[in-house]
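Observations on the model geometry
Single-letter residue listing:
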Amino acid sequence: MITARPIPTGRRPRVRRILLALLALILGLTACGRIPTDGQVYHYAEDETSSATPTPAYSPAGPREGDDPEQILRGFFEAGTGVEDDYAVARSFLTRDLAASWSPEDETWVYRDGITVEGDGGQDRLRAEIPVATHVDDRGIATSYDEPDTRTLHVGFTRVDGQWRISSIPNGTALTRTQFERLFRSFSLYFYDPTYTYAVPDIRWFVSRPTVATSLVRVLLQGPAPYLTGGRGLPDPGGDLPAASLGAGRWGCGPGGADRR
């Protein structure tokens, strides 16, 4: 005879909080926002009217026959706007092996003033310098810079059936500010403070596409962003997970604490 084993009393509050957080994620998975143009790092305010604007679809072109390595690289950067079918167009600029392993959302570099492409020691090597104004990591944490932070990519090429393809390049995509604002949305995670009195918002940025729910569950279970665990005194994510919920809202985290906007 199989009997149900009750959850130990000490674990019930934690399990209940996690289940409530995931339920809130499923029921309330809507959000919108624009990348800010000023303010402190990690300080974001959302535009009240942006939720009414649908995300436009980009239709970048794939590689053309006879393109040289620089044309392939620039085409690849532009194809980073084509999020449909798991970035299928961008992957068409890569060799088969690299296309299978390349992870477009590990990093996002929002740049200004264009990308510089130069030789890097051979016909099959190029160096791209990206003047990064805002960086978004795989956890959806955005960091903005008062002055551009140059990110250098070393890119390798090889011929496939007589056509140049990228054989090595770091994971990630490079977008202009306009492209970023049209493709990404902000989502508010909420974590309790150590006293479980206040829900502190934690703003994350992700591409608005069907897989976003998976990304949000992953980062919710990982716990608060590092700058919140240090500045707010929130519990370490390795301990009792203080997830409250996830949802949309015009919230910001200013230097003085969480505040409604």
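The model shown is predicted, which means the values in this text are computed figures rather than measured ones.

**Quick word on the overall build of the protein**
- When you go through the protein residue by residue, the secondary structure sums to 7 helices and 11 strands.
- Of the contacts made within the protein by residues no fewer than 6 positions apart, 63% connect residues no fewer than 24 positions apart.
- Split by element, the accessible area of the protein, about 13,500 Å² in all, is 50% carbon and sulfur.

**Here we look at helix α6 (residues 212–222)**
- For α6, the full list of buried residues reads V212, S215, L216, V219 and L220. Taken around the axis of α6, the buried residues stretch over an arc of 130 degrees, which confines them to a single face.
- One or two residues past the end of α6 sits G223, with phi positive at roughly 100 degrees.

**Observations regarding the environment of S168**
- Inspection of the secondary structure assignment puts S168 in strand β5 (residues 163–168).
- Residue classification places S168 among the partly exposed residues on the basis of a relative accessible area of 27%.
- Between the alpha carbons of S168 and A99 there is a distance of 9.9 Å; along the sequence they are 69 residues apart.
- Contact partners of S168, with chain neighbours within four places excluded, come to L98, R125, H154, V155 and G156.

**Notes on the packing of aromatic side chains**
- The final tally for this structure, using the stated rule, is 6 aromatic pairs.
- The interplanar angle of 50 degrees and the centroid separation of 6.0 Å between the aromatic rings of F76 and F77 together place this pair among those described as tilted.
- Classification of F77 as buried rests on a relative accessible area of 9%.
- Taken together, a centroid distance of 4.4 Å and an interplanar angle of 15 degrees make the contact between F180 and F184 stacked.
- Here a set of aromatic residues connected by ring pairs shows up, and it is made of F76, F77, Y87 and W102.

**Digging into the nonpolar core**
- With 39 residues, the main nonpolar core has L73, F76, F77, I115, I130, F157 and I166 as its most contacted residues.
- When sequence neighbours within four positions are dropped, the list of residues in contact with L73 reads V117, L126, A128, V155, F157, I166 and I169.
- In this structure, F187, V212, L216 and L220 belong to the second largest nonpolar core, which totals 8 residues.

**Observations concerning unusual backbone geometry**
- Even without glycine at this site, D86 takes up a positive phi of about 55 degrees.
- Positionally, D86 belongs in helix α3 (residues 84–91).
- Of note, the phi angle at Y87 is positive, near 60 degrees, even though the residue is not glycine.
- Within the secondary structure, Y87 sits in helix α3.

**Details of the pairing of strand β4 (residues 142–160)**
- As defined by bridge partners, strand β3 (residues 125–137) adjoins β4 across 11 bridges and the pair is classed as antiparallel. Following the sheet pairing, P131 is matched in β4 by T150.
- In sequence, β3 turns back onto β4 through a hairpin of 4 residues, with G140 there showing a positive phi of about 80 degrees.
- The pairing of β4 with β5 spans 5 bridges and is antiparallel. Across the sheet, residue T158 finds its bridge partner in β5, namely R165.
- Between β4 and the antiparallel strand that follows it, β5, lie 2 residues; D161 among them carries a positive phi value of about 55 degrees.

**Topic: the pattern of salt bridges**
- For the structure on display, the rule yields 11 salt bridges.
- The salt bridge involving R204 is made with D202; its shortest N-O contact spans 2.9 Å. Each member of the pair, R204 as well as D202, is classed as buried.
- Taken together, the shared-partner salt bridges connect D86, R91, E105 and R209 into one network.

**Examining the confidence of the model for the protein**
- Put simply, the protein has an average pLDDT of 76, and 66% of its residues get 70 or more.
- Note on residues 1–12: pLDDT is under 50 here. Beyond four places in sequence and across chains, it has 3 contacts.
- In this model, residues 231–261 is a region of pLDDT below 50 whose contacts with residues beyond four sequence positions or in other chains number 108 contacts.

**Considerations on the side chain of R165**
- Looking at where R165 falls in the secondary structure, it is placed in strand β5.
- The buried charged residue R165 lacks any salt bridge, with D67 as its nearest oppositely charged partner at 6.7 Å.
- Polar side-chain contacts of R165 include one of 3.3 Å to the backbone oxygen of S92.
- Setting aside residues up to four positions removed in sequence, R165 forms contacts with P63, I72, S92, F93, L94, T95, G156, F157, T158 and V160.

Definitions and cut-offs
- Residues numbered from 1 in each chain as written.
- Predicted model: local features only at pLDDT ≥ 70, side-chain atom pairs only at ≥ 80, totals over all residues.
- Heavy atoms only, no water.
- Helix = DSSP H or I, 4+ residues; strand = E, 2+ residues; numbered from the N terminus.
- Contact = heavy atoms within 4.5 Å.
- Areas by Shrake-Rupley, 256 points an atom, 1.4 Å probe, with all protein chains shown as cover.
- Buried < 20%, exposed > 50% of the residue type's maximum accessible area, 1.4 Å probe, protein only.
- Arc of directions from axis to C-beta.
- Phe/Tyr/Trp six-rings, centres within 6.5 Å; stacked < 30°, edge-to-face > 60°.
- Core = buried A, V, L, I, M, F, W, Y, C linked by side-chain atoms within 4.5 Å.
- Pairing = 2+ DSSP bridges.
- Salt bridge = Lys/Arg side-chain N within 4 Å of Asp/Glu carboxyl O.
- pLDDT = per-residue confidence, 0-100.
- Lys, Arg positive; Asp, Glu negative; His and termini not counted.
- Polar contact = N/O pair within 3.5 Å; in protein donor to acceptor, adjacent residues only side chain to side chain.

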